[in-house]
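# Geometric and topological summary
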Amino acid sequence: MNTEINAAVAVVGPGAIGTTVAAMLHEVGRTPSLCGRTLRDHLTLLEGSHSMTVPGPVRTSPKQITRTADLVFLAVKATQIEAAAEWLAVLVGPETVVCVLQNGIEQVQRVGPHAPRGRIIPAVVWFPAQAQSDASVRLRGDVRLTLPDTAASRVVAEALQGTRCAVDLAADFSALAWRKLVQNAVAGLMALTHRRSGMFSRADIAELTLAYARECLAVARAEGAELGDEVPQEILEKFQAAPTDMSTSILTDREAGRPLEWDIRNGVVARRGRAHGISTPISDVLLPLLAAASDGPG
Ligand SMILES: NC(=O)c1ccc[n+]([C@@H]2O[C@H](COP(=O)([O-])OP(=O)(O)OC[C@H]3O[C@@H](n4cnc5c(N)ncnc54)[C@H](OP(=O)(O)O)[C@@H]3O)[C@@H](O)[C@H]2O)c1
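From a predicted model like this one, the values you see are computed outputs, not experimental measurements.

## As for empty space enclosed by the protein
- Under the criterion given, the structure shown has two cavities of 30 Å³ or more.
- Here the largest cavity defines a volume of roughly 50 Å³.
- What lines the largest cavity is simply Gln 102, Asn 103, Gly 104, Gln 107, Ala 123, Val 124, Val 125, Ala 177, Lys 180, Leu 181 and Asn 184.
- When contributions to the lining of the largest cavity are tallied by element, the ones reaching two or more residues are strand E9 (124–125) and helix H5 (173–193).
- Element by element, the count of residues in the lining of the largest cavity is highest for H5, at four residues.
- By residue class, the composition of the lining of the largest cavity is five nonpolar, five polar and one charged.
- Counting only domains with at least three residues in the lining of the largest cavity, you end up with domain 1 (6–170) and domain 2 (173–292).
- By volume, the second largest cavity is sized at about 40 Å³.
- Forming the boundary of the second largest cavity are Ala 78, Ile 81, Gln 102, Asn 103, Gly 104, Ile 105, Glu 106, Gln 107, Arg 110 and Ile 264.
- Along the lines of polarity and charge, the residues of the lining of the second largest cavity split into four nonpolar, four polar and two charged.

Here's what the structure looks like:
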């Protein structure tokens, strides 16, 4: 196996999602360069009883970067974009594609100002992966991304071709991204109750979930996402069918006392709603609670 580091492809933020994508590239001999916050000499991906090592080191200073990359996978949390901007400043040139592996629908607006020369591509990340206490990452499920069907996305698809990371280029990307966002917004309720999926079997929570998902859906449609009336019920049923102890990353972050991605997962609904003159009374109650849970004080 060729383990020469390919400086043309960089992963910024080698956490749960970044480690998974790095491992998929390494597995076919296209080991990317790694840019992170914590010094590590390698990354570890766990799948069932199988463990894969991705050679590093994880670079921790942008001063170590000597050339721009052709492709950057940005996989920091949305709350960490500004802190990671110094990496984008050295990695992104006029030809660079930046594929943003983050939840939400605002990747281009949020990352674009920090990479004005690059071509920013949002992604819907479909696979669940979780960083463990020893920094290894446990992958659960098949690795799959959906990107908008554009020329820059094809650079990403080519880089991942032949790996176990499937890439779909979707003409209806906005609808897919908004549908995932509605699901993520609903999952925010779990961060407020400190409860796992089992809570969706309560009639009162089910009623709130449907009402909130309908509020999100109205905004999504005003944004041009073609989503049907069935979406809120389908999302509720998905949570109800999940194992009762299934968590969600916003609840995991809450339990760990980390900042929450509430603004890109929930705040966006109220912000976009306001822009379209749509009232969002449920968001208006939830958002201060999520913001305070995330950022305090107290
Ligand atoms: N995990 C999932 O299953 C999943 C599924 C779908 C979507 N997503 C979305 O994917 C995005 C990434 O999530 P994640 O779960 O992979 O998060 P994560 O495990 O916390 O990974 C974030 C990584 O970024 C690093 N980082 C933080 N600040 C940095 C900086 N200034 N420069 C460089 N690296 C920095 C972190 O370093 P440290 O190791 O030092 O903290 C960590 O390695 C989020 O938007 C999330 O909502 C996640």
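## Some points on helix H7 (residues 231–241)
- Taken as a whole, H7 has its buried residues at Val 231, Pro 232, Ile 235, Leu 236 and Phe 239. Axial view of H7: buried residues confined to an arc of 135°, hence all on one face. Facing away from the buried side of H7 by more than 90 degrees, the exposed set consists of Lys 238 and Ala 241.
- Buried residues in H7 make contact with H5 and helix H6 (203–222).

Procedures and definitions
- Residues numbered from 1 in each chain as written.
- Predicted model: local features only at pLDDT ≥ 70, side-chain atom pairs only at ≥ 80, totals over all residues.
- Heavy atoms only, no water.
- 1 Å grid on protein atoms, 1.4 Å probe; cavity = no way out; pocket = protein on both sides within 12 Å on 5 of 7 lines; lining within 4 Å.
- Points joined across faces, edges and corners; volume = space filled by probe spheres on them.
- Helix = DSSP H or I, 4+ residues; strand = E, 2+ residues; numbered from the N terminus.
- Nonpolar A, V, L, I, M, F, W, Y, C, P; charged D, E, K, R; others polar.
- Domains from an automatic or database assignment.
- Buried < 20%, exposed > 50% of the residue type's maximum accessible area, 1.4 Å probe, protein only.
- Arc of directions from axis to C-beta.
- Contact = heavy atoms within 4.5 Å.

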